[in-house]
Amino acid sequence: MTNKIRIAVQKSGRLSEASLALIKECGIDFGGTGTGRLKAEASNFPAEILFLRDDDIPGYVADGVADIGIVGENVAIEKSPNTNIVYRLGFSKCRLSLAIPKGEIYTNLTDFEGKDIATSYPKLLQNYLKENNVSAKIHEISGSVEIAPSIGLAYGICDIVSSGSTLLSNGLKEVEVVFRSEAVMISADNLPAEKQKILEKLLFRIRAVQSAQKNKYILLNAPNSQIDEIVQILPGIKSPTILPLAVDGWSSLHSVINEDDFWDIIENLKNAGAEGILVIPIEKMIG
Ligand code: PRT
Ligand code: ZN
């Protein structure tokens, strides 16, 4: 029997879409995304996908039922503090924060000394309080943490925040960030060599997909007299490709630019005399 890697992903929730999209962009085909599926086998890569609740993923990986998993770092560390994080995936970014009622005055973390805090992340919170020499009473609850202060269960909460609108609509304010999280790939300890090889193959593809997503291919025309100035603006992988155009005294320049710098660069290129600028998505980018 050929070896396969078992990948645990969230069945339905905030991580599901991006996790499956990433696997697909890596060229791994596991059929349609019919709901209710618990398992799917890839037809063109030695992998099997298990669809699970996110909370169960670290445990399944720790027990070796799944070889690797995609999960929020918050859940990975809370459930299994020594988990192996093999890759930070960059999506589903959020933070675990302490929040208190809007009307309360806040000075610093010592305000929580001896107080009740409701959370679904008792371990992450406990570590943070310990590191900061504060002792509080942690109440573990599994959902609707944000209503705890208004029903008198706790003075403050420690919960996942993304936009902050949930806190706001519950009359709470964020006062400390306990942990910053993003989706991560975790793996079991001591994967057999063959599975480790498959994992490396997968990570190679993920890197290629993600660097392609962060970059754009750019083509432009410029008078030869402007080439030196334009080359200074283009931070290509090595140096830009420069090709002569049929029109005398003009060239075409090709390069790769980072999405973050995109608009600044375009503006500078135009000011430097670039014309006919084309920006094209890159499908895969290797090395
Ligand atoms: O059913 P299952 O157990 O699999 O899923 P779940 O409901 O436990 O998890 P899910 O799908 O809600 O979240 C999965 C992971 O997404 C989390 O573990 C985080 O790593 C990440 N993530 C990113 C978030 C958020 N953003 C987020 N905003 N997880 C939860 N929230 C919740 C938060 O709990 C709070 O209720 O959204 C609310 C806050 O959002 P804002 O935008 O109002 O601040
Ligand atoms: Zn969950």
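Conventions we followed
- Residues numbered from 1 in each chain as written.
- Chains lettered and ligands numbered in written order.
- Predicted model: local features only at pLDDT ≥ 70, side-chain atom pairs only at ≥ 80, totals over all residues.
- Heavy atoms only, no water.
- Domains from an automatic or database assignment.
- Contact = heavy atoms within 4.5 Å.
- Salt bridge = Lys/Arg side-chain N within 4 Å of Asp/Glu carboxyl O.
- Polar contact = N/O pair within 3.5 Å; in protein donor to acceptor, adjacent residues only side chain to side chain.
- Helix = DSSP H or I, 4+ residues; strand = E, 2+ residues; numbered from the N terminus.
- Nonpolar A, V, L, I, M, F, W, Y, C, P; charged D, E, K, R; others polar.
- Donors = N, O, S within 2.8 Å, 3.2 Å for Na, K, Ca; no water.
- Tetrahedral: all angles 85-135°; square planar, octahedral: opposite > 155°, others 65-115°.
- Buried < 20%, exposed > 50% of the residue type's maximum accessible area, 1.4 Å probe, protein only.
- Pairing = 2+ DSSP bridges.
- Axes fitted to C-alpha atoms, helices over the stretch in contact; angles between N-to-C directions.
- Near = heavy atom within 4 Å.
- Areas by Shrake-Rupley, 256 points an atom, 1.4 Å probe, with all protein chains shown as cover.
- Patch = residues over 30% accessible without salt bridge, like charges linked within 9 Å, V, L, I, M, F, W, Y side chains within 5 Å.
- Lys, Arg positive; Asp, Glu negative; His and termini not counted.
- Charge placed at Lys NZ, Arg CZ, Asp CG, Glu CD.
- Phe/Tyr/Trp six-rings, centres within 6.5 Å; stacked < 30°, edge-to-face > 60°.
- Lys NZ or Arg CZ within 6 Å of the ring centre and 35° of its normal.

### Overview of the domain arrangement of the chain
Link 1 in the chain: In terms of domains, the chain is made up of domain 1 (5–92 + 182–212), domain 2 (94–181) and domain 3 (215–281).
Link 2 in the chain: Taken together, the contacts link eight residues of domain 1 with ten residues of domain 2.
Link 3 in the chain: Remark: the boundary between domain 1 and domain 2 carries zero salt bridges.
Link 4 in the chain: On the surface where domain 1 and domain 2 come into contact, there are five residue pairs in polar contact (both at pLDDT 80 or more).
Link 5 in the chain: A per-element tally of the side of domain 1 that touches domain 2 places helix 3 (residues 73–79) first, with five residues.
Link 6 in the chain: Classifying every residue of the side of domain 1 that touches domain 2 gives two nonpolar, three polar and three charged.

### Remarks on the coordination of the zinc ion (ligand 2)
Link 1 in the chain: Bound to the zinc ion (ligand 2) are the protein donor atoms Asp54 (OD) and Asp55 (OD), situated 2.0 to 2.1 Å from the metal.
Link 2 in the chain: In this structure, the zinc ion (ligand 2) is surrounded by four donor atoms whose angles at the metal cover 75 to 173°, and the resulting shape is irregular.
Link 3 in the chain: Among the residues examined, aspartate 54 registers a relative accessible area of 17% and is labelled buried.

### Thoughts on the sheet that holds strand 5 (residues 84–88)
Link 1 in the chain: Pairing is mixed in the open sheet, where six strands are placed in the order 2-3-1-4-11-5. Among the strands making up the open sheet, the edge pair consists of strand 2 (39–41) and strand 5. Along the sheet, successive strands turn relative to each other by an average axial angle of 25°, direction set aside.
Link 2 in the chain: Note that strand 2 and strand 3 (residues 47–52) share three bridges and pair antiparallel. Within the sheet, the bridge partner assigned to alanine 40 lies in strand 3 and is isoleucine 49.
Link 3 in the chain: Along the sheet face, helix 6 (residues 193–214) touches strand 1 (5–10), strand 4 (68–72), strand 5 and strand 11 (183–187) and points at about 30° away from the line of strand 5.

### Considerations on the site of ligand 1
Link 1 in the chain: Surrounding ligand 1, one finds 21 residues, the nearest of these being Arg53, Asn74, Ser163, Gly164 and Thr166.
Link 2 in the chain: Residue glycine 164 places a main-chain N or O atom 2.7 Å away from an oxygen atom belonging to ligand 1.
Link 3 in the chain: The fraction of the free accessible surface of ligand 1 (830 Å²) that becomes covered by protein chains is 78%.
Link 4 in the chain: Among the elements of the structure, helix 3, strand 9 (156–161) and helix 5 (165–169) are those that each provide at least two residues to the shell around ligand 1.

### Digging into a nonpolar patch on the surface
Link 1 in the chain: Among the surface-exposed residues, Ile147, Ile151 and Leu153 lie close enough to one another that they form a single nonpolar patch of about 250 Å² accessible area.
Link 2 in the chain: Relative to the assigned elements, isoleucine 151 resides in the loop between strand 8 (137–140) and strand 9.
Link 3 in the chain: When its relative accessible area of 59% is taken as the criterion, isoleucine 151 is described as exposed.

### Notes on the environment of serine 97
Link 1 in the chain: Residue position: serine 97 is located in strand 6 (residues 94–101).
Link 2 in the chain: Linking serine 97 and alanine 212, residues 115 residues apart in sequence, is a C-alpha distance of 32 Å.
Link 3 in the chain: The residues touching serine 97, leaving out its near neighbours within four places in the chain, are Ile157, Cys158, Asp159, Val161, Glu174, Glu176, Val177 and Val178.
Link 4 in the chain: A distance of 2.6 Å separates the side chain of serine 97 from the side chain of glutamate 174, its partner in a polar contact.

### Quick notes on the pattern of salt bridges
Link 1 in the chain: Applying the stated criterion to the full structure yields ten salt bridges.
Link 2 in the chain: Here arginine 6 ties to glutamate 48 by a salt bridge, and the two come within 2.7 Å at their closest N and O atoms. Taken as a pair, arginine 6 in strand 1 and glutamate 48 in strand 3 lie far apart in primary sequence, 42 residues in all.
Link 3 in the chain: Using a relative accessible area of 26% as the deciding quantity, one classes arginine 6 as partly exposed.
Link 4 in the chain: When the shortest N-O distance is used, the salt bridge between glutamate 283 and lysine 284 registers 3.6 Å.
Link 5 in the chain: Where salt bridges share partners, they join Arg6, Lys39 and Glu48 into one cluster.

### Points about a negative patch on the surface
Link 1 in the chain: The grouping of Asp260, Asp261, Asp264 and Glu267 at the surface amounts to a negative patch.
Link 2 in the chain: With respect to the secondary-structure elements, glutamate 267 resides in helix 8 (residues 262–271).

### Observations concerning the packing of aromatic side chains
Link 1 in the chain: Within this structure, the stated rule accounts for three aromatic pairs.
Link 2 in the chain: Look at phenylalanine 112 and tyrosine 155: their rings are 5.6 Å apart centre to centre, the planes differ by 70°, and that puts the pair in the edge-to-face class. You can see phenylalanine 112 sitting in the loop between strand 6 and strand 7 (116–119) and its partner tyrosine 155 sitting in the loop between strand 8 and strand 9, a full 43 residues away along the chain. Summarising the burial analysis for this pair, phenylalanine 112 and tyrosine 155 share the class buried.
Link 3 in the chain: Through pairs of rings, three or more aromatic residues link up here, namely Tyr106, Phe112 and Tyr155.
Link 4 in the chain: The residue whose ring lies beneath lysine 24 is phenylalanine 30, and the NZ or CZ to ring-centre distance is 5.3 Å.
Link 5 in the chain: Above the plane of the ring of tyrosine 155 lies lysine 115, whose end atom (NZ or CZ) is 4.3 Å from the centre.

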